[in-house]
Amino acid sequence: MKWALFGGTFDPIHFGHLRAAQELCALLSLDRVIFIPAPAPPHKTEWKISPFEDRLQMVRLAVSGNPLFSFSDIESQRSGKSYSVDTVRYFLEQAVQSTTLYFITGQDAFNAIVTWREWESLLGLCHFAVMTRPGYENEGLKKILPPDLAAAYRYDEAGDAFESPSGKRVFFRKTTFLDISASDLREKIRQGQSIRYLTPDSVIAYIEEKGLYKSRV
Ligand code: ATP
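Bear in mind that the values here come from a model prediction, so they are computed numbers and not experimental data.

Draft legend 1. How the structure looks around the overall build of the protein chain. Helix and strand counts for the protein chain come out as nine helices and eight strands. With the C-alpha coordinates of the protein chain rotated into their principal frame, the extents come out at 50 × 35 × 30 Å. In the protein chain, which comprises 217 residues, the share counted as buried stands at 47%. Per element, the accessible surface of the protein chain, about 11,300 Å² overall, is 50% carbon and sulfur. In the protein chain, 26 side chains carry a positive charge and 26 a negative one; their mean positions are 3 Å apart.

As structure tokens, then:
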């Protein structure tokens, strides 16, 4: 089984996230993508993040009906800050041994991987599926990792992946990057505009029922 963890603020989840995850399933033969909302990422300070429970419910509604998708509230179960490395370790403990774990990130997030908590350990724990997007030059790992570490990776042409000596791989994959962002959705709602066709109708109904995003704070 190939499982992929897809973390994000998901405030709210939208078709950009869902479409990219769907394409990655086909590109990497994934059996499951697990959407994992983060409690309150430290770098998101420009708006008051919606309650975890609301973001989780919207993710639940958005993934329901897709057998490839599921979700987890694991990051809210830990006290203190939540780090990707802890989440990956948790899933490695939970999953049966034959499960291969992937971690999904956007290219921009992966470019800053060396700033992540225990990033070297993290790269050795699971494969990475990096969604590339137009405008970002993909030059492999050269400009992302320190030179000695980048040089230790070998490029496997057949699998189109960079492989570390430990066998963990980094896959750069081009997915459709729909021009949709959660911040744009929030702004549209605040201005009283429709967000129809940007996120599933069930998510829109939830936002309306709860009155989310009507004001900036
Ligand atoms: P915000 O606008 O509030 O910053 P966002 O729309 O970028 O939010 P996040 O929850 O921060 O959503 O994103 C989670 C992950 O999804 C990130 O890795 C990000 O790169 C990726 N992502 C965001 N928008 C898209 C999109 N339109 N298509 C594909 N991936 C996306």
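Draft legend 2. Summary view of the pattern of salt bridges. Under the defined criterion, the tally for this structure stands at eight salt bridges. The partner of Glu163 in a salt bridge is Arg169, and the shortest N-O contact between them spans 2.6 Å. By relative accessible area, which is 17% here, Arg169 ends up buried. Via salt bridges that share partners, Arg154, Asp156, Glu163 and Arg169 belong to a single interconnected network.

Draft legend 3. Main features of the packing of aromatic side chains. Using the criterion set out here, one finds 13 aromatic pairs in the structure. For the ring pair Phe103 and Phe128, a centre distance of 5.4 Å and an interplane angle of 45° mean the geometry is tilted. In this pair, Phe103 sits in strand β4 (residues 100-106) while Phe128 sits in strand β5 (residues 127-132), placing the two residues 25 residues apart along the sequence. Relative accessible area serves as the criterion here: at 7%, Phe103 is assigned to the buried category.

Draft legend 4. Broad picture of the side chain of His127. As for its placement among the helices and strands, His127 is situated in strand β5. Not counting the four nearest positions on each side in its chain, His127 is found in contact with Thr100, Leu101, Tyr102, Phe103, Gly167, Lys168, Arg169 and Phe171.

Draft legend 5. Region of interest: the sheet that holds β5. Strands sit in the order β3-β2-β1-β4-β5-β8-β7-β6 across an open sheet of eight strands; the sheet is mixed. Because the sheet does not close on itself, it has two edges, and the strands there are β3 (69-71) and β6 (154-156). Direction aside, the axes of adjacent strands within the sheet are offset by 25° on average. Where helix α4 (residues 84-94) meets the sheet, its contacts fall on β1 (2-8), β2 (32-37) and β4, and the angle it forms with β4 comes to roughly 155°.

Draft legend 6. Representation of the pairing of strand β8 (residues 169-174) within the structure. Judged by how many residues are buried, β8 sits mostly within the fold: five of six residues are covered. The sheet contact formed by β5 and β8 spans five bridges and is parallel. Residue pairing across strands places Met131 opposite Arg173, the latter belonging to β8. Strand direction decides the pairing type here: strand β7 (residues 161-163) and β8, joined by two bridges, are antiparallel. Looking at β8, one finds that Phe162 is bridged to Val170. Where β7 hands over to β8, the hairpin turn is made up of five residues, of which Gly167 adopts a positive phi near 95°.

Draft legend 7. Region of the structure containing the side chain of Arg55. Of note, Arg55 is situated in helix α2 (residues 52-63). No salt bridge is formed by the buried Arg55; the nearest opposite charge belongs to Asp11, separated by 4.8 Å. Reaching out from Arg55, the side chain makes a polar contact with the backbone oxygen of Thr9 at a distance of 2.8 Å.

Draft legend 8. Local environment of the state of the cysteines. Under the defined criterion, the tally for this structure stands at zero disulfides. Between Cys25, a cysteine without a disulfide, and Cys126, which holds the nearest cysteine sulfur, the sulfur-to-sulfur distance is 16 Å. A relative accessible area of 1% places Cys126 in the buried class.

Conventions and cut-offs
Residues numbered from 1 in each chain as written. Predicted model: local features only at pLDDT ≥ 70, side-chain atom pairs only at ≥ 80, totals over all residues. Heavy atoms only, no water. Helix = DSSP H or I, 4+ residues; strand = E, 2+ residues; numbered from the N terminus. Buried < 20%, exposed > 50% of the residue type's maximum accessible area, 1.4 Å probe, protein only. Areas by Shrake-Rupley, 256 points an atom, 1.4 Å probe, with all protein chains shown as cover. Lys, Arg positive; Asp, Glu negative; His and termini not counted. Charge placed at Lys NZ, Arg CZ, Asp CG, Glu CD. Salt bridge = Lys/Arg side-chain N within 4 Å of Asp/Glu carboxyl O. Phe/Tyr/Trp six-rings, centres within 6.5 Å; stacked < 30°, edge-to-face > 60°. Contact = heavy atoms within 4.5 Å. Pairing = 2+ DSSP bridges. Axes fitted to C-alpha atoms, helices over the stretch in contact; angles between N-to-C directions. Polar contact = N/O pair within 3.5 Å; in protein donor to acceptor, adjacent residues only side chain to side chain. Disulfide = S-S within 2.5 Å.

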